[in-house]
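Understanding the architecture of this molecule
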Amino acid sequence: MAAGFKTVEPLEYYRRFLKENCRPDGRELGEFRTTTVNIGSISTADGSALVKLGNTTVICGIKAEFAAPPTDAPDKGYVVPNVDLPPLCSSRFRSGPPGEEAQVASQFIADVIENSQIIQKEDLCISPGKLAWVLYCDLICLDYDGNILDACTFALLAALKNVQLPEVTISEETALAEVNLKKKSFLNIRTHPVATSFAVFDDTLLIVDPTGEEEHLATGTLTVVMDEEGKLCCLHKPGGSGLTGAKLQDCMSRAVTRHKEVKKLMDEVVKSMKPK
Amino acid sequence: MEGAMRSDAKVRGESGTESSPRGPGCSLRHFACEQNLLSRPDGSASFLQGDTSVLAGVYGPAEVKVSKEIFNKATLEVILRPKIGLPGVAEKSRERLIRNTCEAVVLGTLHPRTSITVVLQVISDAGSLLACCLNAACMALVDAGVPMRALFCGVTCALDSDGTLMLDPTAKQEKEARAVLTFALDSVERKLLMSTTKGLYSDAELQQCLAAAQAASQHVFRFYRESLQRRYSKS
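Residues numbered from 1 in each chain as written. Chains lettered and ligands numbered in written order. Predicted model: local features only at pLDDT ≥ 70, side-chain atom pairs only at ≥ 80, totals over all residues. Heavy atoms only, no water.

Here's the deal with the overall build of chain B
For clarity, the cut-off: By the criteria applied, helices consist of DSSP H or I runs no shorter than four residues and strands consist of E runs no shorter than two, each listed in order from the N terminus. Burial classification: accessible surface area is computed with a 1.4 Å probe over protein chains only, and a residue below 20% of its type maximum counts as buried, one above 50% as exposed, and the rest as partly exposed. Residue contacts follow a heavy-atom distance rule, with two residues in contact if any of their heavy atoms lie within 4.5 Å. To be clear on the numbers: accessible area is Shrake-Rupley with a 1.4 Å probe, and residue cover counts the displayed protein chains and nothing else.
Within chain B, the regular secondary structure consists of four helices and 10 strands. Scored against the burial criterion, the 235 residues of chain B give a buried share of 55%. Here the contacts in chain B between residues at least 6 apart in sequence split such that 65% fall between residues at least 24 apart. Per element, the accessible surface of chain B, about 10,600 Å² overall, is 51% carbon and sulfur.

What about the environment of Gly 77 of chain A?
Relative to the helices and strands, Gly 77 of chain A is located in the loop between β3 (56-67) and β4 (78-84). Residues Gly 77 of chain A and Leu 124 of chain A lie 47 residues apart in sequence; the distance between their C-alpha atoms is 4.8 Å.

A short note on the sheet that holds strand β9 (residues 179-186) of chain B
Residues and elements named next belong to chain B. Stated precisely, the cut-off is as follows: Between any two strands, pairing holds if DSSP finds at least two bridges. Only the stretch in contact is used when fitting a helix axis, every axis being a line fitted to C-alpha atoms; angles between N-to-C directions are given from 0 to 180 degrees.
Across the sheet, which stays open at both edges, the four strands sit in the order β8-β7-β9-β10 with antiparallel pairing between neighbours. Only two strands of the sheet have a single neighbouring strand rather than two, namely β8 (165-167) and β10 (192-199). When the angles between neighbouring strand axes are averaged without regard to direction, this sheet yields 20 degrees. Pairing between β9 and β10: seven bridges, direction antiparallel. Counted as the bridge partner of Ala 184 is Met 194 from β10.

Let's talk about the layout of surface pockets
Convention followed: Points on a 1 Å grid, built from protein atoms alone, make a cavity when a 1.4 Å probe fits but cannot get out and make a pocket when they are open with protein on both sides within 12 Å along at least 5 of 7 lines; residues with an atom within 4 Å of a point are the lining residues. Grid points are joined across faces, edges and corners, and a volume is the space filled by probe spheres set on the points.
In this structure, the second largest pocket occupies an estimated 1,100 Å³ of space. Around the second largest pocket, the lining is made up of 32 residues, and of these Asp 111 of chain A together with Arg 94, Glu 174, Val 180 and Lys 198 of chain B lie nearest the centre. Looking at the lining of the second largest pocket, the elements with two or more residues in it are α3 (100-116) and β12 (232-236) of chain A together with α1 (89-105), α2 (129-144), α3 (171-176), β9 and β10 of chain B. In terms of residues, the lining of the second largest pocket owes the most to one element, α3 of chain A, which gives six residues.

Quick word on the interface of chain A and chain B
Condition: Values labelled buried area give the accessible surface lost by two parts on being combined, using a 1.4 Å probe and summing over both. Salt bridge, as applied in this entry: a Lys or Arg side-chain nitrogen positioned within 4 Å of an Asp or Glu carboxyl oxygen. Residue polarity follows a fixed list, in which Ala, Val, Leu, Ile, Met, Phe, Trp, Tyr, Cys and Pro are nonpolar, Asp, Glu, Lys and Arg are charged, and the others, Gly among them, are polar.
The interface is formed by 27 residues belonging to chain A together with 28 residues belonging to chain B. When chain A packs against chain B, the two sides together hide about 2,500 Å² of surface, and 54% of this comes from carbon and sulfur. On the chain A side of the contact with chain B, Glu 100, Leu 232 and Leu 235 of chain A bury the most area, a combined 22% of that side's loss. Counting every contact that joins chain A to chain B gives three salt bridges. One salt bridge in this structure joins Arg 96 of chain B and Glu 100 of chain A, with 3.6 Å as the shortest N-O distance. Among the secondary structure elements, those contributing two or more residues to the side of chain A that touches chain B are α3, β12 and α6 (245-272) of chain A. Sorting elements by how many residues they give to the side of chain A that touches chain B places α3 of chain A first, with six residues. Each residue belonging to the side of chain A that touches chain B can be placed in one class, and the counts come to nine nonpolar, 12 polar and six charged.

Comments concerning the UniProt feature "domain: Exoribonuclease phosphorolytic" (unreviewed entry) in chain B
Residues and elements named next belong to chain B. What counts is decided by this rule: UniProt positions are given in the numbering used here, feature names are shortened, and annotations may be inferred rather than shown by experiment.
The sites that carry the UniProt feature "domain: Exoribonuclease phosphorolytic" (unreviewed entry) are, in the present numbering, residues 28-147 and 151-215. In residues 28-147, the share of helix is 28% and the share of strand is 33%. The end C-alpha atoms are 28 Å apart. Within residues 151-215, the helical portion is 29% and the strand portion 42%, while the C-alpha atoms at the span's ends are 16 Å from each other.

Some thoughts on the nonpolar core
Put simply, the rule is: Only buried residues count toward a nonpolar core, which is a set of Ala, Val, Leu, Ile, Met, Phe, Trp, Tyr and Cys residues joined through side-chain atoms within 4.5 Å.
Phe 47, Ile 98, Leu 120, Leu 141, Phe 152, Phe 183 and Tyr 224 of chain B are the most contacted members of the largest nonpolar core, which totals 80 residues. The greatest single-element share of this core, amounting to 13 residues, is contributed by α2 of chain B. Not counting the four nearest positions on each side in its chain, Ile 98 of chain B is found in contact with Val 78, Leu 120, Leu 130, Cys 133, Leu 134 and Ala 137 of chain B. If you look at the next biggest cluster of nonpolar residues, it comprises 53 residues, including Ile 148, Leu 165, Leu 187 and Cys 233 of chain A.

Notes on the packing of α1 of chain B against α2 of chain B
Residues and elements named next belong to chain B. For clarity, the threshold we go by: Should an angle fall under 35 degrees it is called roughly parallel, over 145 degrees roughly antiparallel, and 65 to 115 degrees roughly perpendicular, with every other angle called oblique. In this scheme the crossing of two helices becomes right-handed for a clockwise turn of the near helix relative to the far one and left-handed for an anticlockwise turn of less than a right angle.
One way to put it is that α1 packs onto α2 with a least axis distance of 11 Å and a crossing angle of 40 degrees. Viewed along their axes, α1 and α2 adopt a mutual orientation that is oblique. Crossing angle aside, the handedness with which α1 passes α2 is right-handed. Counted together, Arg 94, Leu 97, Ile 98, Thr 101 and Cys 102 of α1 and Leu 129, Leu 130, Cys 133, Leu 134, Ala 137 and Leu 141 of α2 form the full contact between these two elements. Of the residues in the contact of α1 with α2, the class split is nine nonpolar, one polar and one charged.

Re unusual backbone geometry
Residue and element names in this part refer to chain B. Looking along the chain, the bond that leaves Gly 60 and enters Pro 61 is cis, with omega of -15 degrees. When you line up the elements, Pro 61 lands in strand β4 (residues 52-62). Unlike most non-glycine residues, Ser 128 shows phi in positive territory, near 55 degrees. Overall, the relative accessible area of 1% leaves Ser 128 in the buried class. At Asp 168, a position not held by glycine, the phi torsion is positive, near 50 degrees. Considering the arrangement of structural elements, one finds Asp 168 in the loop between β8 and α3. On the accessibility criterion, Asp 168 (4% relative accessible area) is buried.

Structure follows, in structure tokens:
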């Protein structure tokens, strides 16, 4: 009977739960789904991480290659993110060139990397003007159940913490790069940006970590990316119902608590990682 | 009939030299708007903010492809073309922002199974581009007669390294700023419809920028009202 009602009037069905301040999967309005992270699972990549936010699963693999630094910034390397939403993760994506959702997510991750200064691009330079590292960060969604931006940001952060780059020296005689695979070092991660996404319902109610169905029924979404000092790297609100300044404040405070939760999880994972 | 009504509502806007309560140096650049300048689209507008200029055209409500139709409301589409080069991922991201903002104000349920297309062409970019695009889109939607529940406007704020706020920054100011925040606000309650930011800033600075943007949006809405009044009083 409830399943029938859900199919015919999904919004009404949902509102019944919201009136009791909870959601169909039993969560509170401000509660996140269980987050699990697994790093270093892809041995062929220089760094990798798998993040599960409830059912939403995103895997990030990072490969480092050589490239010539850009001419207008000869002491900087590159970080190139790419988010892929294959038909595997949800029936609404078709195979072919990246759709709008994937492009928007890729641009969002590129903005987060740029704004939060998670890595100094100068650290990726080996020899100014001649050689620099380029980190290709590929994020692939394996299961789409809403809140893709949070999962991608966390996966990227975890994978970057896992990346080990070998030492490279430019030999004097041949002017070629010599890679010493035995000596590897971790990247210098300066900040830890954590994304918190909200969905707006009926122009007033804010719920945290929307699932796929909730995103579909929502009238707007909002993503806040915060680093550990409480500074905001990104406030991504792509349209949708209007929000007042006070509501934004509530979102900020929730984002601060979420940052602490994620940081704790990250630290546990990093501690448990055995050095190669 | 469209051809005869080519009279442009060429209105020179208030040059916005009033400074907001923040301090000196927070003023909007001179802005101007021209409507109904293209013959083919149902509505068109050109919006100028200082040296930044965007041309918008609106087609709709019109026929929609069966694959894209929504049974109970209009399908909104936004196409943003940069001044040079082919549209890339950044344009797609901006299109999504503008589209969702328009969807929040356009009364799509009055025209189910139709499509409303907003096409934006960047003529010149001298800072605050996204805000100019939003303003041009709003004026074009009004010119096309698309029913909306509110008007919206775009305002850009830039924060430089010592925390000074600048409204409607030029390209040079944007480059040197520590953070650039763009907001879309609605005309009824000045609520935040859309926001996109670049750079690092604190929560308090965000609230400050939002308040300044809300104050600045008053000028923009007053300008919309005056330009429309002048246009319709002639005919």
